[in-house]
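Residue-level structural notes
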Amino acid sequence: DDFAHHPTAIRTTLEGLRAKVGDARIVVAMEPRSNSMRLGAHAQALAPSLDGADAVVFLHRPELAWDAASVIAAIRGEAHAVPDTDALLAQLGAIAAPGDHVVFMSNGGFDGAPRRFLAQLQQMKQMGGLSNLLDKLPSEMTAKAGAVDMDKAEREIKRKEGIICSMTYKER
């Protein structure tokens, strides 16, 4: 979870995370929430500030005062724009993989997205974990996951769950 009030702060956070996680994938859930971000004052600097991310899911609410398409097009890695938090969580679920580091960037409540994402992870665990869940899917959907160490992925999910659970409700 990161405050993400300005492109400089976003870049600094992602550079610090990249230094810690090395080549591991970083997925950003981005909500432009500060007044200056909502007004588009930092639109030109936003895409370069996200260079440290491998994938970005950008919450482009209909009431946003500017068109985020140019920002999405300029993002170096994989980028998606979604209209609401439910769509953001669905997109995160579709692109996040075991071992990814998911960062929620907003200086607001983000409609409880970090907490809701944790709930998705917990539901998956209740279904029997990654291995059991993958066994229930058609083989063409699981081909990419075949090379993933599921035990390691499950440990990583548990670690991230511990980090999220250690945060206060406000921090989430």
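All values derive from a computational prediction rather than experimental measurement. (Residues numbered from 1 in each chain as written. Predicted model: local features only at pLDDT ≥ 70, side-chain atom pairs only at ≥ 80, totals over all residues. Heavy atoms only, no water.)

**Comments concerning helix 1 (residues 7-21)**
The condition is simple: Comment: elements are numbered from the N terminus, with helices defined as DSSP H or I runs of at least four residues and strands as E runs of at least two. For a helix, the expected span equals 1.5 Å multiplied by the residue count minus one. Here the term buried applies to any residue with accessible area under 20% of the maximum for its type, exposed to any over 50%, and partly exposed to those in between, with areas from a 1.4 Å probe on protein chains only. Note that the arc is defined by the directions from the helix axis to the C-beta atoms.
Between its first and last C-alpha atoms helix 1 spans 21 Å; for 15 residues at 1.5 Å apiece the expected length is 21 Å, and the two agree. Every buried residue belonging to helix 1 is among Pro 7, Ile 10, Leu 14, Leu 17 and Val 21, and all of these are buried. Along helix 1, the residues classed as buried sweep out an arc of 95 degrees about the axis, all on the same side. Exposed positions of helix 1 whose direction lies more than 90 degrees from the buried face are Thr 8, Ala 19 and Lys 20. Within two residues after helix 1, Gly 22 carries a phi angle of roughly 65 degrees, on the positive side.

**Considerations on the nonpolar core**
For clarity, the threshold we go by: To define a nonpolar core, start from buried Ala, Val, Leu, Ile, Met, Phe, Trp, Tyr and Cys residues and group those joined through side-chain atoms within 4.5 Å.
In this structure, Ile 10, Val 28, Met 30, Leu 46 and Phe 58 are the most contacted members of the largest nonpolar core, which totals 24 residues. Residue assignment for this core shows that the elements contributing at least two residues are helix 1, strand 1 (26-30), helix 3 (43-49), strand 2 (55-59), helix 4 (69-74) and strand 4 (101-105). Of the residues forming this core, the biggest block, four residues, is contributed by helix 1.

**Observations regarding the packing of aromatic side chains**
Stated precisely, the cut-off is as follows: Two rings from Phe, Tyr or Trp (for Trp, the six-membered ring) form a pair when their centres are within 6.5 Å of each other. A pair whose planes differ by under 30 degrees is stacked, one over 60 is edge-to-face, and the rest are tilted.
Counted under the stated rule, the structure contains three aromatic pairs. The interplanar angle of 70 degrees and the centroid separation of 6.1 Å between the aromatic rings of Phe 58 and Trp 66 together place this pair among those described as edge-to-face. Residue Phe 58 is classed as buried on the basis of its relative accessible area of 0%. Look at Phe 104 and Phe 110: their rings are 5.9 Å apart centre to centre, the planes differ by 80 degrees, and that puts the pair in the edge-to-face class. Look at Phe 104 and you get buried, because its relative accessible area is 4%. Overall, Phe 110 belongs to the buried group, its relative accessible area being 2%. Among the aromatic residues, those joined into a ring-pair cluster are Phe 104, Phe 110 and Phe 117.

**Some points on the pattern of salt bridges**
Selection rule: Salt bridge criterion: a side-chain nitrogen from Lys or Arg within 4 Å of a carboxyl oxygen from Asp or Glu.
Under the defined criterion, the tally for this structure stands at six salt bridges. Of the charged contacts, one joins Arg 61 and Glu 31 as a salt bridge, the two residues approaching to 2.9 Å between their closest N and O atoms. Of this pair, Arg 61 sits in the loop between strand 2 and helix 4 while Glu 31 sits in the loop between strand 1 and helix 2 (35-39), and the two are 30 residues apart along the sequence. You'll find Arg 61 and Glu 31 in the same group, each marked buried. Linking Arg 61 and Asp 111 is a salt bridge whose minimum nitrogen-to-oxygen distance equals 2.8 Å. Taken together, the positions of Arg 61 in the loop between strand 2 and helix 4 and Asp 111 in the loop between strand 4 and helix 6 (113-126) put the pair 50 residues apart, joining distant regions of the chain. Each of Arg 25, Glu 78 and Asp 100 takes part in a single network of salt bridges with overlapping partners.

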